[in-house]
Amino acid sequence: MRHILTALLASAALAGVAQADPLRDSALEIFKPLPSTIPAVKDNPVTPEKIELGKALFFDPRISASGVFSCYSCHNLTTGGDDNMETSVGHGWQKGPRNSPTVLNAVLNEAQFWDGRAEDLKAQAKGPVQAGVEMANTPAVVEATLNSMPAYVNLFQVAFPGEENAANFDNMAKAIEAFEATLVTPAPFDAWLNGDDAALSDDAKAGLQLFVDKGCSSCHSGVNVGGHGYYPFGLIEKPGSEILPPGDKGRFAVTETADDEYVFRAAPLRNIALTAPYFHSGKVWDLAVAVEIMAESQLGEALKPEETAQIVAFLDSLTGTVPVITLPNLPPETATTPRPTA
Ligand code: HEM
Ligand code: HEM
């Protein structure tokens, strides 16, 4: 009997059937693999027509006042969905106050921005278009721009059938949200959670174990390994003012509650290896250093170099595959299209 059992187990292993794995079982209680279809979003059915329109808008610099900045300027989909700068540069070459987070998998965050001040992506998308340091435009000018191009009006009518004046600011935001919902990036960690034993290296598995045992996963959990929940940056020990500039009080600006000073959303960690520099201040360029700072500031723990390296190996396994995106052909301007302002 024992022989038969051994033979059965061996053939199961040969056939690649996932073996019972306590690490995977505990990981599945904390994290979730990415969905295999485009996630649904609230009050905005995602259709192919909306995705197509949203893609055009995402790449179109003409929704900024200067005609220079598109969403893509600060969320470059070929470099991790961000801009790889300390803090973003926007309208009039101004340096903004915060680092640009990735748009990849952002649809799965519980709230948007470092301080969670936007409930979802359609609320979020209206922000940068109007922000003085980003695109510095107004809803009225954006609507005039879109309505001046018959090809855009047509795309809006197809994406929002039956609506009068479909080319409006709200629908712009909904279409962008639909496009962003497609930006999910399955990674080796998902393959491993789904049962592929070989998808993670031994170092990555050891790093995952440390990530859980040390307590990182008490804040960075769920499908985006973060992206929900708010915590003081410096829960145990405040980082220096170089990394945590005193002027940015995080969630305090949203809730005006003293307890929320220097509180930020636990950052989502998918594709983190691609999105240096780190933290809302963008002051740290090395992922290993960011991990050490987290261990000290959030957990009061000094990691050994090999522990840091293993946690980084785990974080590397969160680097996913960006969906193939063909560049849109943007509608041509007409005589009535508002011209760029300085
Ligand atoms: C944050 C999308 C334009 C810089 C975000 C987030 C999303 C997003 C989804 C939140 C991600 C998260 O919280 O994890 C867009 C879209 C844009 C756009 C759809 C076009 C309509 C821009 C531009 C810039 C920029 C042009 C740079 C000039 C930033 C920065 C943040 C951010 C700095 C973080 C701001 C904060 O937390 O206060 N963007 N973005 N974005 N984006 Fe954009
Ligand atoms: C940010 C990793 C523990 C809350 C980050 C970032 C990394 C990271 C790499 C930077 C994200 C980015 O720049 O996009 C880790 C690791 C941990 C750990 C490896 C364990 C050693 C924790 C814990 C908490 C927490 C326990 C909550 C008490 C946060 C918050 C941010 C963040 C609030 C955003 C900080 C900011 O405003 O810039 N984490 N983390 N982390 N983490 Fe952790």
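None of these values were measured; they are calculated from a predicted model. (Residues numbered from 1 in each chain as written. Chains lettered and ligands numbered in written order. Predicted model: local features only at pLDDT ≥ 70, side-chain atom pairs only at ≥ 80, totals over all residues.)

## Topic: the overall build of the chain
The following threshold applies: Segments assigned H or I by DSSP are reported as helices when at least four residues long, segments assigned E as strands when at least two residues long, and all are numbered from the N terminus. The atom set for the radius of gyration is the C-alpha atoms, and the globule formula is 2.2 Å times the number of residues raised to the power 0.38. We call two residues in contact when their backbone-placed C-beta atoms lie within 7 Å.
A count of helical and extended segments in the chain gives 13 helices and four strands. Expected size for 342 residues packed as a compact globule is a radius of gyration near 20 Å; at 22 Å, the chain falls within 12% of this value. In terms of overall dimensions, the chain has a C-alpha envelope of 80 × 50 × 30 Å along the principal axes. Of the contacts made within the chain by residues no fewer than 6 positions apart, 72% connect residues no fewer than 24 positions apart.

## Regarding helix 12 (residues 287-299)
The following threshold applies: By this rule the span expected of a helix is its residue count minus one, scaled by 1.5 Å. Residue burial is a threshold on neighbouring C-beta atoms within 10 Å of the residue's own C-beta, all placed from the backbone, with 20 or more meaning buried, 12 or fewer meaning exposed, and counts in between meaning partly exposed.
Given a rise of 1.5 Å per residue, 13 residues ought to cover 18 Å, and the 17 Å separating the end C-alpha atoms of helix 12 matches this to within 8%. Those residues of helix 12 lying buried are Leu287, Ala290, Val291, Ile293, Met294, Ala295, Ser297 and Gln298. On its buried face, helix 12 sits against helix 10 (202-214) and helix 13 (305-316). Looking at the residues trailing helix 12, positive phi occurs at Gly300, about 65°.

## What to know about the site of ligand 2
Just so we agree on the cut-off: Residues are classed as near a molecule or strand if the C-beta position derived from their backbone is within 6 Å of it. Each residue receives one of three labels: charged for Asp, Glu, Lys and Arg, nonpolar for Ala, Val, Leu, Ile, Met, Phe, Trp, Tyr, Cys and Pro, and polar for the others, Gly being one of them.
Within the structure, ligand 2 sits among 26 residues, and Cys216, Cys219, Phe264, Phe279 and Met294 are positioned closest to it. In terms of residue count, the dominant contributor to the shell around ligand 2 is helix 12 (six residues). Within the shell around ligand 2, the residues separate by chemical class into 19 nonpolar, six polar and one charged.

## Here we look at the site of ligand 1
In the vicinity of ligand 1 there are 26 residues, among which Cys71, Cys74, Gly90, Phe113 and Pro128 approach most closely. No other element matches helix 5 (residues 121-130), which puts five residues into the shell around ligand 1.

## As for the domain arrangement of the chain
Note the threshold: Note that the domain bounds reflect an automated or database-derived domain assignment.
Along its sequence, the chain is organised into domain 1 (48-181) and domain 2 (188-316). One C-alpha centre belongs to domain 1, the other to domain 2, and the line joining them spans 27 Å. Listed by partner, the interface residues are 22 residues for domain 1 and 24 residues for domain 2. Classifying every residue of the side of domain 1 that touches domain 2 gives six nonpolar, ten polar and six charged.

## Points about the packing of helix 2 (residues 22-30) against helix 10
Just so we agree on the cut-off: Every angle, taken between N-to-C directions, lies between 0 and 180 degrees, and every axis is a line fitted to C-alpha atoms, over only the stretch in contact when it is a helix. Roughly parallel means an angle under 35 degrees; roughly antiparallel means over 145; roughly perpendicular covers 65 to 115; every other angle is labelled oblique. Two helices crossing with the near one rotated counterclockwise from the far one by less than a right angle form a left-handed crossing, whereas a clockwise rotation gives a right-handed crossing.
Packing of helix 2 against helix 10 leaves a shortest axis separation of 11 Å and a crossing angle of 50°. Taken as axis vectors, helix 2 and helix 10 run oblique relative to one another. Of the two possible hands of crossing, helix 2 and helix 10 adopt the one that is left-handed. Of the residues in helix 10, those touching helix 2 at Leu23, Ser26, Ala27 and Ile30 are Lys205, Leu208, Gln209 and Val212. Each residue belonging to the contact of helix 2 with helix 10 can be placed in one class, and the counts come to five nonpolar, two polar and one charged.

## Considering unusual backbone geometry
Each neighbour pair has its own omega, and for Ala276 with Pro277 the value is -5°, a cis peptide bond. Within the fold, Pro277 resides in the loop between strand 4 (263-265) and helix 12. The phi dihedral of Asn84 falls on the positive side, at around 55°, and the residue is not glycine. In this structure, Asn84 sits in the loop between helix 4 (71-74) and strand 1 (89-90). Note on Asn84: 16 C-beta atoms within 10 Å, which makes it partly exposed.

## A closer look at the packing of helix 12 against helix 13
Running from N to C, helix 12 and helix 13 cross one another at 110°; their axes reach a closest spacing of 10 Å. When the axes of helix 12 and helix 13 are compared, the pair comes out roughly perpendicular. Seen along the crossing, helix 12 lies across helix 13 with a hand that is right-handed. Of helix 13, the residues touching helix 12 (which contributes Leu287, Ala288, Val291 and Glu292) are Thr308, Ile311, Val312 and Leu315.

## Here we look at the nonpolar core
Side chains of a nonpolar character, in soluble globular proteins, are inclined to be buried together. Keep this limit in mind: A set of buried residues drawn from Ala, Val, Leu, Ile, Met, Phe, Trp, Tyr and Cys, joined through C-beta atoms within 7 Å, is what defines a nonpolar core.
Leu57, Phe156, Met172, Ala175 and Ile176 are the most contacted members of the largest nonpolar core, which has 39 residues in total. Of all the secondary structure elements, the ones that give two or more residues to this core are helix 3 (48-59), helix 5, helix 6 (139-147), helix 7 (150-159) and helix 8 (169-181). For this core, the element with the highest residue contribution is helix 8, accounting for eight residues. Residues within four places of Ala175 in sequence aside, it is in contact with Lys50, Leu53, Gly54, Leu57 and Ala159. Val291, Phe314, Leu315 and Leu318 belong to the second largest nonpolar core, which has 36 residues in total.

## Concerning the environment of Gln130
The topology assignment puts Gln130 in helix 5. Taking the C-alpha atoms as reference points, Gln130 and Ile63, separated by 67 residues in sequence, lie 9.7 Å from one another. In contact with Gln130, not counting residues within four places along its chain, are Asn137 and Thr138.

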